[in-house]
Amino acid sequence: MDLADGPWQAARVSRHCHGTMTTYQLAGLTARCVSLALFVSAGLTVCTAAPLRIENLRCEYRVNPAGLDVRTPRLSWTLTGDRRGERQTAYRVLVASSARILAEDRGDLWDSGKVASDQTIHILYAGQPLKSRARAWWRVRAWDKDSQPSAWSSPAQWSMGLIEPSDWQARWIAGPGGSSTNSKTGALPASMFRKSFPLPGGVRCAIAYVTADGVYELRLNGHRVGNHLLAPEWTSYRRRVQYQTVEVTALLRRGENVVAALVGEGWYAGRLMAVGRFAYGTHPRFLLQLEIEFDDGTRQTLATDQTWRSTSNGPITAAGIYDGENYDARKEWPGWDAPGFDDHPWSPAAVSPPDSRALVWQRNEPIQVQREMSPTRLTEPRPGTYVFDLGQNMVGWCRVHARGAAGRPVTIRHAEMLNEDGTLYTANLRGAPQIDRYMPRVDGEFTFEPHFTYHGFRYVELTGLAQRPTTRAVLGRVFHSAAPLAGRLACSDPSLNRLMENIVWTERANLMSSPNDCPQRDERFGWMGDIQAFAQTAMFNMNLAAFATKWLQDVRDDQADDGRFPDFAPHPGNPNRQFSGVPAWADAGTIVPWRAYQNYADLRLLEEHFDAARRWVDYIHRANPDLIWNKGRGNDYNDWLNGDWVKQTGWPTNGASVPNAVFATAFFAHSTELVAKMAALTGHREEAQHYAALFNDIKAAFQRRFVASDGRIEGDTQGGYALALNFDLLPEQLRPPATAHLVNNIHRYHDHLSTGIQTTHRAMLELGRNRHEDLAWQMLTNRTFPSWLYMLDNGATTVWERWDGYVRGRGFQDAGMNSFNHWAFGAVGEWIWRYVVGLNPDDAAAGWKHFVVAPKPGGGVTWARGDYDSIRGRITSQWRLVDGAFTLELTVPPNTTATVYLPAREVGQVRESGRPARQAPGVTWLRGVTGETVWRVASGHYSFRVPVP
Ligand code: BGC
């Protein structure tokens, strides 16, 4: 039977080195079990599926990842099923060396057998040892709560990379003149590399393993290979360089073939804040190993070596991350990346001796174009100067399609804001011009898109055109590390929706291989303090499991020898000498992995990270045996951008900045507590006791030194109370008075926050935790300065570095530090997720195995909905205030449970799907708390209703 005939439609056809895999779906049917995973070569087996469905197969957090260097990869899936209390009671994983074998229900690499377990994440591969280049096809079936088996999942796969150093035959090659700088911008020209080679045909499979010191674009027989941008991305290059693995079988042909690459300076040799250019090396280099397997089983390897040809005299005359790109079409080499090109004018590539750096798999999602933005407006503030408004502050670059004149440069400038006269405001870019220049070769239309830079911008200015453009001349190409969107949130207040959108846009803008502070000025660094504050918001919005795992390796790689974590990672300078060990910034080295654990239950990550985290706490402890962190603090960034930075008539000129020792000691305590928790989870029993005791001692020292008997904390700052409360540094009886001091202090600022980037979200969270949600709601919805909606009212489409980056009628803040795309103040997103939507992870059951649903309506909002794709499946929570009732629609994924807080004084007031909640299946009454009843629910969909006075 040809499945493509009749109602069966091939939903997905994918060709791979070892066969073709097709997934068929019965057209039009949406009932359970219509998606049968079949292989062309296998017969049709009709499933007898239980209602449980298996989706989202992941290997090391990624969909069908290629080139792993993890010898025992971890597998995960999610379950869906409508029945209450649905759960997995057992699973069976099959891993096969070909699609065909898997289709025969055989796992020649691994058959886990039926394992009685509810585990759906981090299933450790335990089959045949995986060698370099191995390919694995896998699928899984699960048994439901009644012990009925599900259908097999659709198949997924992964492949191994080159995991032994001896696998690598390729040599690093550089082009001529690598370090000669271009006079205009200082950025280097891109090097071009090519290699022509014959093939007899009959290629079964060809895989390229490829990387660069710099940033590269790979080409094969005239085609761009893959859609990675700025690969191999930024790591701590002195220790580690990522390589990418791409299958190129379909691009090869009989006869002459050409593999080619463009390589730009990128982060490796380009200009970087604080260290200047050439932080890692002066010559961008390239490395490629192309492995070809023929139908007859023979193999051929083509690798970079001295036989490659190279030139730096090509069209990309300069390209830098901060600078932008200069492209001179007159210098193009037509046909350079395809057969038939005469490369005699080029030089032999220069081969470097091997080095000891590790070549590693790229485990995070690549930087890729994620969306496109068309201009909403075109103006001409000066004759011949065209300004396009993309309507959204974004990150990426533009594809420009316009008319130019031969030899007349077209200049493409980018800015986040406009001056009053409609021209670009670029003063805040500081030393990052972010200008692209295109030099046409002939008169007429051209299309240009840069290669090796990126810009933060909303406005684009074109000059030098031969003809007035239309809005179609510019297309904004938004790119960033393509971490999957995890959270979607909406409520009845359009301003809050826009705020949340701004936060997500800011997250997009700053996920560029590392979690950066900003995407536009001459900085764009993985400033640790910023992601430390923003981490939970970031993880609500996107699945950052793979991204965080990659980046925490950078953090460890750039830890100073004495244990100080860097202030930013990757750290292009020397962390032993400077930019390391700063309170709250370096503490990202304990806080971010902990957040990752809470959300993704990743014990392996904690195991890998534990020693580094412990060394950080030991460093502080060694320097401060009296447990008050006074010594060895590096720079005191303190509660950066707190209210004392604000210059407004009537606003107090001081009183917001947390005393340095209070601030630092609070983080010392918190990091120590997290290290104790990590130790306990990773089986370090003695260390767990040691750090737990140390935490208690630091807490006691903090109280003795900084906390008065009435709960007042030295400095009497909002930030100080926020930290002490949030890090649980106060005795229980002092929590209420300390909260009262926080509240009074907020009143002193006329109900505004005077907190900086480290304490704003913590103040909000503690108001929530200590029953002052109303005040938190008020600050969330304040439109007066300083507030989030004040930014919105002044035109923000992303989160600003400063509350008053731009004010209508007043103009811009100090250009020296005025980014319009900084996520730190966006950490309020965490409050919105936890209190507006009401979703909270539970430390005691990490990875959303159990979670708490506790929305706290306020601010005039009448409904809110959040969908969150947890690592165990989608959680949906939607509440409404309607017809004198509070309703909550809740979906709890199979295998998970939730504790639900409902605003009912009495149990009897709560109904679920029309009946008293106490009688509802899957619902258990737990207790009453002030004004609320607390329930435990099993997985499933619930519809609660409570009358509200
Ligand atoms: C960055 C901040 C960063 C800070 C350190 C700034 O220039 O943009 O976001 O955390 O330096 O205080």
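Nothing here was measured: the structure is a model prediction, and the numbers come from that model.

Quick notes on the environment of Tyr600
Then, number 1: By the secondary structure assignment, Tyr600 is in helix α6 (residues 588-600).
Then, number 2: When the C-alpha atoms of Tyr600 and Met539 are compared, they prove to be 9.6 Å apart, with 61 residues separating the residues in sequence.
Then, number 3: With residues up to four places along the chain from it excluded, the contact list for Tyr600 reads Tyr61, Ile121, His122, Met539, Met542, Asn543, Leu544, Ala545, Gly847 and Ile871.
Then, number 4: Engagement of the side chain of Tyr600 in a polar contact is seen with the backbone nitrogen of Leu544, the distance being 2.9 Å.

Observations concerning the site of the ligand
Then, number 1: Close contacts around the ligand come from Asp517, Arg521, Glu523, Trp527, Asp530, Trp585, Tyr637, Trp640, Glu801 and His822, and that covers them all.
Then, number 2: Within the contact set of the ligand, an oxygen atom lies 2.8 Å away from a side-chain nitrogen or oxygen of Asp517.
Then, number 3: Take Arg521: an N or O atom from its side chain is 2.7 Å from an oxygen atom of the ligand.
Then, number 4: Relative to its unbound accessible surface of 310 Å², the ligand loses 95% to contact with the protein.
Then, number 5: Looking at the shell around the ligand, its residues break down into four nonpolar, one polar and five charged.

Some remarks on the packing of aromatic side chains
Then, number 1: Across all of its chains, the model carries 60 aromatic pairs by this definition.
Then, number 2: Geometrically, the ring pair formed by Tyr425 and Phe812 is stacked, given 3.6 Å between the ring centres and 5° between the ring planes. Taken as a pair, Tyr425 in strand β32 (residues 424-425) and Phe812 in strand β41 (residues 811-812) lie far apart in primary sequence, 387 residues in all.
Then, number 3: Ring geometry for Trp831 against Tyr835: centres 5.0 Å apart, planes inclined by 15°, an arrangement best described as stacked. Taken together, the residues span about one helical turn, with Trp831 and Tyr835 both in helix α15 (residues 828-837) at a distance of four residues.
Then, number 4: On the basis of relative accessible area, Trp831 is assigned to the buried category, the value being 0%.

Observations regarding the sheet that holds strand β43 (residues 850-853)
Then, number 1: With mixed pairing, five strands are arranged side by side in an open sheet as β42-β43-β47-β51-β50. Across the chains shown, the open sheet's two edge strands, defined by having one partner strand only, are β42 (839-841) and β50 (923-929). Sheet twist, expressed as the average angle between the axes of neighbouring strands with direction ignored, equals 25°.
Then, number 2: Two strands pair when backbone bridges link them, and strand β47 (residues 897-902) and strand β51 (residues 932-937) are joined in this way by five bridges, in the antiparallel orientation. Of the residues in β51, the one forming a bridge with Val900 is Trp935.

Things to note about helix α13 (residues 773-781)
Then, number 1: Among all positions of α13, only Glu773, Leu775, Ala776, Trp777, Met779 and Leu780 are buried.
Then, number 2: Those residues of α13 hidden inside the fold are in contact with α3 (494-510), α11 (735-748), α12 (760-769), α14 (788-793) and α15.

Description of the pattern of salt bridges
Then, number 1: This structure, assessed with the given rule, holds 69 salt bridges.
Then, number 2: Residue Arg604 is joined to Glu60 by a salt bridge in which the shortest nitrogen-to-oxygen separation is 3.1 Å. Placement of Arg604 in helix α7 (residues 603-623) and of Glu60 in the loop between β4 (53-59) and β5 (74-80) is noted, with a sequence separation of 544 residues between them.
Then, number 3: A relative accessible area of 19% means that Arg604 is categorised as buried.
Then, number 4: Here the salt bridges do not stand alone but share partners, grouping Arg133, Asp167, Arg204, Glu291, Glu293 and Arg299 into one network.

Focus on the environment of Trp925
Then, number 1: Residue placement: Trp925 occurs in strand β50.
Then, number 2: For Trp925, a relative accessible area of 31% puts it in the partly exposed group.
Then, number 3: Expressed as a C-alpha distance, the spacing of Trp925 and Val907, which sit 18 residues apart in the sequence, is 7.7 Å.
Then, number 4: Discounting residues that sit within four places of it in the chain, Trp925 has contacts with Val907, Arg918, Thr933, Val934 and Trp935.

Quick look at the confidence of the model for the chain
Then, number 1: Scored by pLDDT, the chain has a mean of 93; 94% of the residues are at 70 or more.
Then, number 2: Below a pLDDT of 50 lies the segment residues 18-49, which in the model reaches 83 contacts outside its immediate sequence neighbourhood of four places, other chains included.
Then, number 3: Taken together, the stretch residues 178-184 has pLDDT below 50 and engages in 18 contacts with residues farther than four places along the chain or on a different chain.

What about the packing of α7 against helix α9 (residues 685-706)?
Then, number 1: Two elements in contact, α7 and α9, have axes separated by 13 Å at closest approach and are oriented at 40°. By the criterion of interaxial angle, the relationship of α7 to α9 is oblique. Seen from above, α7 lies across α9 with left-handed handedness. Seen from α7, the contacting residues are Phe610, Arg614, Val617, Asp618 and His621; seen from α9, they are Glu687, Tyr691 and Leu694.
Then, number 2: Counted by class, the contact of α7 with α9 contains four nonpolar, one polar and three charged residues.

Observations concerning the state of the cysteines
Then, number 1: According to the stated counting rule, one finds zero disulfides in the structure shown.
Then, number 2: For Cys518, which is in no disulfide, the shortest distance to another cysteine sulfur is to Cys398 and amounts to 19 Å.

What to know about the side chain of Glu217
Then, number 1: For Glu217, the position within the fold is in strand β15 (residues 215-220).
Then, number 2: For Glu217, a relative accessible area of 8% corresponds to the buried category.
Then, number 3: Side-chain polar atoms of Glu217 contact the side chain of Arg219, separated by 3.2 Å.
Then, number 4: Beyond its immediate stretch of four places on either side in the chain, Glu217 contacts Arg224, Ala260, Ala261, Leu262, His451 and Phe452.

Focus: the nonpolar core
Then, number 1: Ranked by size, the top nonpolar core spans 234 residues in total, and within it Leu780 and Trp831 carry the most contacts.
Then, number 2: Ranked by residues supplied to this core, first place goes to helix α8 (residues 660-681) with 13 residues.
Then, number 3: Grouped together as the second largest cluster of nonpolar side chains are 27 residues, Ala208, Ala212, Tyr216 and Leu218 included.

As for the sheet that holds strand β49 (residues 915-916)
Then, number 1: Overall, antiparallel pairing links the seven strands, which are arranged β37-β44-β45-β46-β52-β48-β49 in an open sheet. Both edges of this open sheet fall to β37 (487-491) and β49, since each of them pairs with a single strand only.
Then, number 2: As judged from the eight bridges shared by strand β44 (residues 863-870) and strand β45 (residues 873-882), these two strands associate in the antiparallel manner. Across the sheet, Gly866 pairs through a bridge with Ser877, a residue of β45.

Here's the deal with the pairing of β47
Then, number 1: Within β47, five of the six residues are buried, which leaves the element mostly enclosed by the surrounding structure.
Then, number 2: Pairing between β43 and β47: four bridges, direction parallel. Bridge pairing in β47 places His850 opposite Thr897.

Observations regarding the pairing of strand β13 (residues 191-199)
Then, number 1: Burial of β13 is extensive: seven of the nine residues sit out of reach of the surface.
Then, number 2: Bridge analysis of β13 against strand β18 (residues 255-264) gives nine bridges, and the strand direction is antiparallel. Bridge pairing links Phe193 to Ala261 in β18.
Then, number 3: Taken together, the three bridges between β13 and strand β21 (residues 309-311) define a ladder with antiparallel strand orientation. Bridging from a neighbouring strand, Arg194 pairs with Arg309 of β21.

Basis of the calculations
- Residues numbered from 1 in each chain as written.
- Predicted model: local features only at pLDDT ≥ 70, side-chain atom pairs only at ≥ 80, totals over all residues.
- Heavy atoms only, no water.
- Helix = DSSP H or I, 4+ residues; strand = E, 2+ residues; numbered from the N terminus.
- Contact = heavy atoms within 4.5 Å.
- Polar contact = N/O pair within 3.5 Å; in protein donor to acceptor, adjacent residues only side chain to side chain.
- Near = heavy atom within 4 Å.
- Areas by Shrake-Rupley, 256 points an atom, 1.4 Å probe, with all protein chains shown as cover.
- Nonpolar A, V, L, I, M, F, W, Y, C, P; charged D, E, K, R; others polar.
- Phe/Tyr/Trp six-rings, centres within 6.5 Å; stacked < 30°, edge-to-face > 60°.
- Buried < 20%, exposed > 50% of the residue type's maximum accessible area, 1.4 Å probe, protein only.
- Pairing = 2+ DSSP bridges.
- Axes fitted to C-alpha atoms, helices over the stretch in contact; angles between N-to-C directions.
- Salt bridge = Lys/Arg side-chain N within 4 Å of Asp/Glu carboxyl O.
- pLDDT = per-residue confidence, 0-100.
- Parallel < 35°, antiparallel > 145°, perpendicular 65-115°, else oblique.
- Left-handed = near helix turned anticlockwise from the far one by under 90°.
- Disulfide = S-S within 2.5 Å.
- Core = buried A, V, L, I, M, F, W, Y, C linked by side-chain atoms within 4.5 Å.

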